[in-house]
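Fold and geometry: a report
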Amino acid sequence: MIQYDEQHDYIVIGSGAGSMCAALRVAKAGKKVLLLEKSEWIGGTTARSGGVMWIPNNPFMKRDGVEDSAEQATRYLDALAEGQPPLRAGTPERRAAFIEEGPKMLQFLAEQGIRLNRVDYWPDYYDELPGGSKPGRTVVSELFNMKELGPWRKRFRKGFLPLPLMLQDALKMNRVKREWPARLMLLRFIGRLLGQVLTGKRFVSAGAALQGQLLKACLAAGVDVRTSMPVTELLTAEERVVGVRAGGHGGSLTFSSKLGVLVDAGGFARNQGLRDRYLPGTKTDWSNTVESDTGDLLEMMMTLGADTEGLGLLLGYQSMIPPGKEDDMIKPGAQKQGAAPHSIVVDQTGVRYLNEGGSYVAFVKNMMDRNAENPSSALPSWIIMDSQAVKKYGIAGIKKKATLQKWAESGYLKTADSPAALAVALNIDPSALSSTIERFNGMVDKQCDDDFARGKRAYDQWLGDPYNAPNASLGKLEVGPFYAVPVLPGDVSTLGGVVTDVHARVLTSGGGVIPGLYATGVAAASPFGQVYPGAGASIGPAYTFGYVAAGHALSTYT
Ligand SMILES: Cc1cc2nc3c(=O)[nH]c(=O)nc-3n(C[C@H](O)[C@H](O)[C@H](O)COP(=O)(O)OP(=O)(O)OC[C@H]3O[C@@H](n4cnc5c(N)ncnc54)[C@H](O)[C@@H]3O)c2cc1C
């Protein structure tokens, strides 16, 4: 018999995406809920993130008259599943559960006073496929005043946009010089900043706003939230998970849970040992996740016999790490850099091998696959730009000549007067790089990338430069000097995890259920397999299956 120090109705491990949604649902049903967070900070990588949720057929689309339906979303996800190996976590049933439950989850949050909205235009990442949406299916939190958290504010994890500025507006800031709507947006932002000074409010945006709202609601509903409480063991009795052991330096305690245990403890992006095993050649230093994303629970669940899927996949985000940026909370993303006109990406033999304008997950997967086929050929790859690109877009957002000069002197930024000379600096066969650029320029002339269809999708064009005609994504590399920077397979978390069913219950490799054990977030394998359908396709399903897990536990074990 396990002797428990404390007894609870429901335990949630981790304070990331979905955990607080689940905790809130169970607490609102009148149950005693305990949320244990390993870190001293609440919110996980989710609080640090953009916080957008990909939820097809969401009520905000209906409100705005944007076309979508469960059938359309099913067609889209089915099309994405085609060509993938058979999936155990991304089954048609789980995709259907996601499509059905996502809008209900949003409805539940709205009833709890959580303020959300849709992003007006963020195309699905494969918008050209049947059922794909060009306006997109992305939902985001309204701004949140951190002061509403009272003393808990000091224990809340910092987000990447601690400003009174919505993420979709931040993405349009670079248009201020050219567009009146962007200028008006800037004025409104300045007004809000001044308003903050006068009122003492402190608004945050993106993931911090989402998680901040959830934390406030959980605390109000009586959820017992404890930080610096890493779970170290899942406790079982008669093959059912019935509680956990957790604790820090002060010693460990045992906690019982009548309704089951939900794992939302992130992935393993910060565990080099697990990376070496499942993602060889990649480094924790390239990750944008929180330091506590160390895969503790993955190993514990595997010990209980949990099946896993996709552990070799990253929720990749291609990155540049210029000198001085190594320790930045968020490494400079290279997505827009490579996808901008007058820029291409090549491997270490000078060959283009992917659509630079594709989704970040597809980009990094292509890099990893390329490198696996031909070791040491694509990690890093090179972003090649001509001087038009650098003049218009800078490098990692920097246009200042002195900084670029410093980067060149450090050897990070390579520059030369011609593609052939640049190739020599990169240790690439000059004729290979020259002919890659020549071929690309020829395809720009005819406005058709025969090799990778770059610029064909609404999404590729959304990523590019809206002022670059006729295609926002395509521009020739023809004006010297030419530049190159390395691009690495960075990430915003791992993508694989334990296999779960339609109720978010953790399954064994034989397909059986581990009773009492649920998982959501990137602790669980993605319902979409190797493909990332749109912006928010991590946090959207994480919230949805957190909501589903809570509902199942409530209906099964009470
Ligand atoms: C800059 C950035 C922007 C991003 N933007 C988006 C976006 O807009 N939309 C999107 O879908 N994805 C986005 N992502 C990716 C997304 O944030 C992650 O995939 C997602 O947040 C993972 O959620 P999670 O709940 O699984 O993990 P997390 O949010 O990391 O939460 C896991 C929590 O579990 C805790 N934990 C770990 N081990 C233990 C233990 N032993 N005991 C107790 N607690 C433990 C951790 O400390 C952590 O707080 C972004 C990521 C970054 C870095």
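Heads up: the structure comes first, above all this text.
Residues numbered from 1 in each chain as written. Predicted model: local features only at pLDDT ≥ 70, side-chain atom pairs only at ≥ 80, totals over all residues. Heavy atoms only, no water.

This next bit is on unusual backbone geometry. Residue L379 is joined to P380 through a cis peptide bond whose omega torsion reads 0 degrees. Within the secondary structure layout, P380 lies in the loop between α12 (360–373) and β17 (381–385). The omega torsion across A469 and P470 is 0 degrees, close enough to zero to call that bond cis. Look at A206: it is not a glycine, yet its phi comes out positive at around 55 degrees. Here A206 shows up in helix α8 (residues 206–220). (Helix = DSSP H or I, 4+ residues; strand = E, 2+ residues; numbered from the N terminus.)

Below, the discussion takes up helix α7 (residues 180–199). Its 20 residues give α7 an end-to-end C-alpha distance of 28 Å, which sits within 8% of 28 Å, the value for a rise of 1.5 Å per residue. Those residues of α7 that sit buried are A182, M185, F189 and Q196. Down the axis of α7, the sector holding all buried residues measures 55 degrees, keeping them to one side. The exposed residues of α7 that point more than 90 degrees off its buried face are W180, L187, L194, V197 and L198. Of the surrounding elements, those touching the buried residues of α7 are α6 (167–170) and β8 (203–204). Just downstream of α7 lies G200, where phi reads positive at about 80 degrees. (Expected span 1.5 Å × (residues − 1). Buried < 20%, exposed > 50% of the residue type's maximum accessible area, 1.4 Å probe, protein only. Arc of directions from axis to C-beta. Contact = heavy atoms within 4.5 Å.)

Okay, the pattern of salt bridges next. Tallying each qualifying case throughout the model produces 34 salt bridges. When the shortest N-O distance is used, the salt bridge between R63 and D64 registers 2.8 Å. Among the residues examined, D64 registers a relative accessible area of 38% and is labelled partly exposed. Residue D449 pairs with R352 through a salt bridge whose shortest N-O separation is 2.8 Å. Residue D449 is located in the loop between α16 (430–445) and α17 (458–463), and its partner R352 is located in the loop between β16 (343–346) and α12; the two are separated by 97 residues in the primary sequence. Of the two residues examined, D449 and R352, each falls in the buried class. Put simply, R352, E356, D449 and R454 are held in one network by salt bridges that share partners. (Salt bridge = Lys/Arg side-chain N within 4 Å of Asp/Glu carboxyl O.)

Where helix α4 (residues 70–81) contacts helix α5 (residues 92–111), the two axes come as close as 10 Å, and the packing angle between them is 145 degrees. By crossing handedness, the relation of α4 to α5 is classed as right-handed. Across from A70, A73, T74, L77, D78 and A81 in α4, the residues of α5 making contact are R95, F98 and I99. Counted by class, the contact of α4 with α5 contains six nonpolar, one polar and two charged residues. (Axes fitted to C-alpha atoms, helices over the stretch in contact; angles between N-to-C directions. Left-handed = near helix turned anticlockwise from the far one by under 90°. Nonpolar A, V, L, I, M, F, W, Y, C, P; charged D, E, K, R; others polar.)

Overall, antiparallel pairing links the three strands, which are arranged β4-β6-β5 in an open sheet. With partners counted over all chains shown, the strands left at the sheet margins are β4 (53–54) and β5 (116–118), one partner each. The sheet contact formed by β5 and strand β6 (residues 138–141) spans three bridges and is antiparallel. Bridge assignment links L116 to a residue of β6, and that residue is S141. (Pairing = 2+ DSSP bridges.)

With burial as the criterion, each face of β6 is covered, one bearing T138 and V140 and the other bearing V139 and S141. With two bridges joining them, β4 and β6 adopt antiparallel strand pairing. Residue pairing for β6: W54 is matched across the bridge by T138.

So, about the packing of aromatic side chains. Under the criterion given, the structure shown has 14 aromatic pairs. Summarising the aromatic geometry, the rings of W54 and Y76 are spaced 6.0 Å apart at their centres and angled 50 degrees between planes, so their arrangement reads as tilted. Remark: Y76 occurs in helix α4 and W54 occurs in strand β4; sequence separation between them is 22 residues. The class for Y76 is buried, based on a relative accessible area of 0%. Each ring, one from F98 and one from F528, has its centre 5.4 Å from the other, and the planes form 75 degrees; the classification is edge-to-face. With F98 in helix α5 and F528 in the loop between β23 (513–519) and α18 (539–557), this residue pair connects regions lying 430 residues apart in the sequence. Each member of the pair, F98 as well as F528, is classed as buried. A network of ring pairs unites the aromatic residues W122, Y125, Y317, Y360, Y459, W462 and Y532 as a single cluster. Above the plane of the ring of Y547 lies R25, whose end atom (NZ or CZ) is 3.9 Å from the centre. Cation over ring: R178 sits above Y467, and NZ or CZ is 3.9 Å from the ring centre. (Phe/Tyr/Trp six-rings, centres within 6.5 Å; stacked < 30°, edge-to-face > 60°. Lys NZ or Arg CZ within 6 Å of the ring centre and 35° of its normal.)

This part covers the site of the ligand. Neighbouring the ligand are 38 residues; E37, T46, D264, S292 and I539 lie closest to it. Between S292 and the ligand, the recorded distance is 2.6 Å, taken from a side-chain N or O atom to an oxygen atom. In isolation the ligand has 1000 Å² of accessible area, and contact with the protein removes 95% of it. Elements that contribute at least two residues to the shell around the ligand include exactly α2 (44–48), α10 (296–303) and β20 (491–494). Broken down by element, the residue count for the shell around the ligand peaks at three residues, all from α2. (Near = heavy atom within 4 Å. Polar contact = N/O pair within 3.5 Å; in protein donor to acceptor, adjacent residues only side chain to side chain. Areas by Shrake-Rupley, 256 points an atom, 1.4 Å probe, with all protein chains shown as cover.)

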